[in-house]
Number of protein chains: 2
Amino acid sequence: MTRAMFDDLAEFYAWFAEQHDREAYRTEQIPVEDAAAWRAETGTGNIVHDSGKFFSIQGLHVETDHRDTPAWRQPIIVQDEIGILGLLVKVVDRTVYCLMQAKMEPGNINVVQLSPTVQATRSNYTRVHGGATVPYLDHFVAPRSGRTVFDALQSEQGSWFYQKRNRNIIIEIDGEVPLRDSFCWLSVDLVIELLKVPNLVNMDSRTVLSGLPYALPGPISLRSRFAGPAVHRFQHILSWLCEAKTRYRLYQELIPLAEVPHWHWSDGRLVHGEGRFFSVMAVDVTAASREVTAWSQPMLAPIDRGLVGFLGRSIDGVFHVLAHARTEAGTRDIVEIGPSVACNPANYARGSHSRRPVFLDVLLGDGDVLVDVVHSEEGGRFYHAENRYLVVDVGEDFDLDVPDDYCWLTIEQLSRFVRFGNLVNVYARCLISCMVGLSEPAPRDRSKSFGAR
Amino acid sequence: MTRAMFDDLAEFYAWFAEQHDREAYRTEQIPVEDAAAWRAETGTGNIVHDSGKFFSIQGLHVETDHRDTPAWRQPIIVQDEIGILGLLVKVVDRTVYCLMQAKMEPGNINVVQLSPTVQATRSNYTRVHGGATVPYLDHFVAPRSGRTVFDALQSEQGSWFYQKRNRNIIIEIDGEVPLRDSFCWLSVDLVIELLKVPNLVNMDSRTVLSGLPYALPGPISLRSRFAGPAVHRFQHILSWLCEAKTRYRLYQELIPLAEVPHWHWSDGRLVHGEGRFFSVMAVDVTAASREVTAWSQPMLAPIDRGLVGFLGRSIDGVFHVLAHARTEAGTRDIVEIGPSVACNPANYARGSHSRRPVFLDVLLGDGDVLVDVVHSEEGGRFYHAENRYLVVDVGEDFDLDVPDDYCWLTIEQLSRFVRFGNLVNVYARCLISCMVGLSEPAPRDRSKSFGAR
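Residues numbered from 1 in each chain as written. Chains lettered and ligands numbered in written order. Predicted model: local features only at pLDDT ≥ 70, side-chain atom pairs only at ≥ 80, totals over all residues. Heavy atoms only, no water.

**Regarding the interface of chain B and chain A**
- With 32 residues of chain B in contact, the opposing surface of chain A contributes 32 residues.
- A combined buried area of about 2800 Å² lies between chain B and chain A, and 48% of that area is made up of carbon and sulfur atoms.
- Counting the contacts that link chain B with chain A gives eight salt bridges.
- Between Asp 333 of chain B and Arg 165 of chain A there is a salt bridge, and its shortest N-O distance comes to 2.3 Å.
- Across the contact surface, chain B and chain A share 14 residue pairs in polar contact (both at pLDDT 80 or more).
- Going through the elements one at a time, α2 (122-125), β10 (147-155), β11 (165-172), α7 (234-247) and α10 (411-420) of chain B are the ones with two or more residues in the side of chain B that touches chain A.
- For the side of chain B that touches chain A, a count of residues per class yields 14 nonpolar, five polar and 13 charged. (Contact = heavy atoms within 4.5 Å. Buried area = accessible area lost by both parts, 1.4 Å probe. Salt bridge = Lys/Arg side-chain N within 4 Å of Asp/Glu carboxyl O. Polar contact = N/O pair within 3.5 Å; in protein donor to acceptor, adjacent residues only side chain to side chain. Helix = DSSP H or I, 4+ residues; strand = E, 2+ residues; numbered from the N terminus. Nonpolar A, V, L, I, M, F, W, Y, C, P; charged D, E, K, R; others polar.)

The structure is reproduced here in structure tokens:
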């Protein structure tokens, strides 16, 4: 790379459109029972692959004193292996560049989104499916030649995945690497711009990018009021998290999918009795550019668009976000640090079942919007799963005194937890990515917000 | 506290002897089937308490590619609740004092040992047993009045406990607290001296004390060559640990105790067919000073004294220890950071079954001994369980290049992992406690070592 690949956004979009057009793909929704090489296991009804690899959909029995519902059963994805989400970066003339791929995933809105350099399940990279090798994989598998700037095991969506996690790894290289088809080098500034565009930078990219603020403080440090002294000592926050893990209980037991009540099969999909949450469906895919050229697979398709967001405010001139110690069905260790709000707003419109989340109305109120963008969740497991990501400055009149499960953190403090892995949930991490590069308070007028729509 | 309780070690020993004599205790080994309120559960054979609380002894099926044996079954203690190990500290005239208790535990060698201020299972402090309240407990339960200087969930012995952990918490108070019977204020300097004495400072104290170097760097900072720049960046070590967690697999499944092969009942004890590892036995206890005055309980009694130790050496003038990414039967998350060596030397004397641990001979070789002391493990669960704790400086000729599972860390780096919880195993933490206050390289002559025997 002797010069930047793209001088501006327009050049990137031209390249991206080309990648999109080159993809010979077809994604068709099919009944789960028609998904080739997948079957409902005799006895349990669990949906499994003939190889016993990849993932399965099983039932989960949950008991907890940290949700409105004390116990429930639900379908959940079980993938008991650690995949790699790897990003190659390079510093040229003091600019950080990321090697990203225009990658098709069957569940993606817009079909092609920007993925990190490598996005591989263990099945992928140990070649269970017998397909092509994963490009650039050798940069992420020991012994590595580059400099490891970030490396942590991170959880994924706890409502949909049972204790799933991936290795998020950022490697800085010095030398040249051959540029393969569908890959491009993007400056961090350009990535920051693209994170404002709906459904473009995929979830795998966003979670890896949340490692950047700590990894590379120089070129992309948090500026102005986003850096500075915190209201709480770091020890206070460690103790807040420890307290939450001690206070609450989360009992999880995998059960046969056939033993999950209130869910039933209808037109080849497993759906909730009241049409809530998500359905288990399947797709049939043909795509010339993937490691294998055709496959079927089950997926989870959420019913509605979710909403995740941080409330934030300045405290003594430094911006803090309000974190929530959150328990989800598949959370590995009782609670993780999550955003102030994470919910499906449609659930509360319907009224009867659920208590309205504490800070939902404040998030949707008249604060200054710093981030407002719709992103997709992992298109390899979730079908058209969108969340609206919001960061709203609610102003210095907002009460600093918050319920026990909540705590004010600076972005730098949040990043320290990200660095250790398994402590910050995927939504909070994605919000951090969206905040990288924020430099000034947003204007009062919401229509002029940073969030692109 | 207007002045130190003890001017010197002699005064402490006089007080301690008094406490010992005041204990009206009796501990008698009994057949497990005679332990009142405990029974072998019908069907599973698991040893359970009639209340369903406290703990149980079950079977564990383990599969892993990170031990010499790829799969095995064993008895294991299951205690699915987080207890509190709490230490009150106070700074007077720039000296740190710890509030400790001369406490009887049925498995203790010497019966009475020094415990932290509070050592309470959740059953204790929610008063399942209907006994007296736990002294000083309110200082550790939210809302707390003191300053939290350390607070982390920490694992315990992975070979004997299934994913067990306790909350290790250090609270600094300013005001006075009433001094209850059997409690004393000890200066950190005195605690450091007592850590050199065999079977005196109990395991619960040692694990909490491992939080001190980070919590209170001022008064007890690591001096001279124990502080300073590290050979590896902290990111390198994070990545080393992540790599080990990704490389290895640990599958654990609780099974009925009755389904553990190679173990059989003999004279009221559950023993291994070749007399190895440990036995499950029971004790009957009377002790006036405990929350309840008489009880029976099952315990694990190890066959032999274990050996745990760090090899260390100076690297560019700064002392580093050699950490091992270690997997044990009950480890929560595949590996934890452990000492260079942790084994039962008797296993290797017998020869046939086990490969001799990589660094065992070096540890027992002619390096400079910095720590050499025998301590007891938790006397509430383990009967006369002793380990020899060693830290040996193997000198600058020792190869820096070590196998993948090993890594050189400074004590300060190790302490950063301790602070986050669940990353450093109990043996490594206890060794850190024993190293607090080390100030000078040990003399060459082993007989003049720091270790008291």
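Next, the rest of the story.
**Details of the relation of the copies chain B and chain A**
- When chain B is brought onto chain A, the operation consists of a screw motion whose angular component is 180° and whose axial shift is 0.0 Å, with 0.0 Å RMSD remaining. Expressed as an axis order, the relation between the two copies is that of a two-fold axis. For chain B, the smallest separation between a C-alpha atom and the rotation axis is recorded for Phe 420 of chain B, amounting to 4.1 Å.
- Comparing contact sets, 100% of the residues at the interface of chain B also lie at the interface in chain A, consistent with an isologous, same-surface contact. (Least-squares fit on C-alpha atoms with pLDDT ≥ 70 in both.)

**Structural notes on the confidence of the model for chain A**
- Overall, the prediction assigns chain A a mean pLDDT of 89, with 89% of residues at 70 or greater.
- Across residues 440-453 of chain A the pLDDT falls below 50, and counting only partners more than four positions away or on other chains, this stretch makes 37 contacts in the model. (pLDDT = per-residue confidence, 0-100.)

**Focus on empty space enclosed by the protein**
Residues and elements named next belong to chain A.
- Evaluated as defined, the whole model comprises six cavities of 30 Å³ or more.
- Space inside the largest cavity adds up to approximately 100 Å³.
- If you trace the largest cavity, you find 14 residues lining it, with Ser 155, Glu 156, Gly 158, Thr 331 and Glu 336 closest to the centre. (1 Å grid on protein atoms, 1.4 Å probe; cavity = no way out; pocket = protein on both sides within 12 Å on 5 of 7 lines; lining within 4 Å. Points joined across faces, edges and corners; volume = space filled by probe spheres on them.)

**With respect to unusual backbone geometry**
- The omega torsion of the bond from Ala 142 of chain A to Pro 143 of chain A falls at -5°, within 30 degrees of zero and hence cis.
- In this structure, Asp 316 of chain A takes a positive phi of about 50° despite not being glycine.
- As for its position among the elements, Asp 316 of chain A is in the loop between β18 (306-315) and β19 (318-326).
- Residue classification places Asp 316 of chain A among the exposed positions, given a relative accessible area of 75%.
- The backbone of Phe 277 of chain B sits at a positive phi, close to 65°, despite the residue not being glycine.
- If you trace the backbone, Phe 277 of chain B turns up in the loop between β15 (269-272) and β16 (278-287).
- Of the residues examined, Phe 277 of chain B reaches a relative accessible area of 37% and is grouped as partly exposed. (Buried < 20%, exposed > 50% of the residue type's maximum accessible area, 1.4 Å probe, protein only.)

**Points about the pattern of salt bridges**
- Here the structure, examined in full by the defined rule, presents 42 salt bridges over all chains.
- Residues Arg 332 of chain B and Asp 333 of chain A are paired through a salt bridge, measuring 3.4 Å at the closest nitrogen-oxygen approach. Of this pair, Arg 332 of chain B sits in the loop between β19 (318-326) and β20 (336-338) while Asp 333 of chain A sits in the loop between β19 and β20 (336-338), which puts the two residues in different chains.
- Two residues, Arg 247 of chain B and Asp 405 of chain B, come together in a salt bridge whose shortest N-O distance is 2.8 Å. In this pair, Arg 247 of chain B is assigned in helix α7 and Asp 405 of chain B in the loop between β23 (386-393) and β24 (406-410), connecting sequence segments 158 residues apart.
- Assessed through its relative accessible area of 28%, Arg 247 of chain B is described here as partly exposed.
- It is possible to trace a salt-bridge network through shared partners that takes in Arg 144, Asp 151 and Arg 167 of chain A together with Glu 243 of chain B.

**Description of the pairing of β18 of chain A**
All names here are of chain A.
- In terms of burial, β18 is a largely internal element, 10 of the 10 residues being buried.
- Residue alternation in β18 divides its side chains into two sets, Gly 306, Val 308, Phe 310, Gly 312 and Ser 314 and Leu 307, Gly 309, Leu 311, Arg 313 and Ile 315, and both sets are buried.
- Where β18 lies against strand β23 (residues 386-393), seven bridges are found, and the strand directions are parallel. Bridge pairing links Phe 310 to Val 391 in β23.
- Inspection of the sheet shows β18 paired to strand β21 (residues 341-343) by three bridges, in the antiparallel sense. In the sheet register, Gly 309 faces β21, and the bridge partner there is Val 341.
- Here β18 runs beside β19; their pairing, made up of four bridges, is antiparallel. (Pairing = 2+ DSSP bridges.)

**Some points on the pairing of β19 of chain B**
Residues and elements named next belong to chain B.
- By the criterion of burial, β19 is predominantly enclosed, with nine of the nine residues buried.
- In this structure, the hairpin formed by strand β18 (residues 306-315) and β19 is closed by a connection of two residues, where Asp 316 is found at a positive phi of approximately 50°.
- Of the strand pairs in this sheet, β19 and β24 are connected by five bridges, and their pairing is antiparallel. Looking across to β24, one finds that Ala 323 is bridged to Cys 407.
- Pairing of β19 with β20, which is carried by three bridges, proceeds in the antiparallel orientation. Looking at β20, one finds that His 324 is bridged to Gly 338.

**What to know about the state of the cysteines**
- Summed over the entire model, instances satisfying the criterion amount to zero disulfides over all chains.
- Not engaged in a disulfide, the cysteine Cys 434 of chain A finds its nearest cysteine sulfur in Cys 430 of chain A; these two sulfurs lie 6.9 Å apart. (Disulfide = S-S within 2.5 Å.)

**Looking at the environment of Ile 337 of chain B**
All names here are of chain B.
- In this fold, Ile 337 is placed in strand β20.
- Counting along the chain gives 257 residues from Ile 337 to Asp 80, while the straight-line C-alpha distance between them is 22 Å.
- Once residues within four sequence positions are removed from consideration, Ile 337 is found in contact with Trp 240, Leu 241, Ala 323, His 324, Leu 414, Phe 417, Leu 423, Val 424, Asn 425 and Ala 428.

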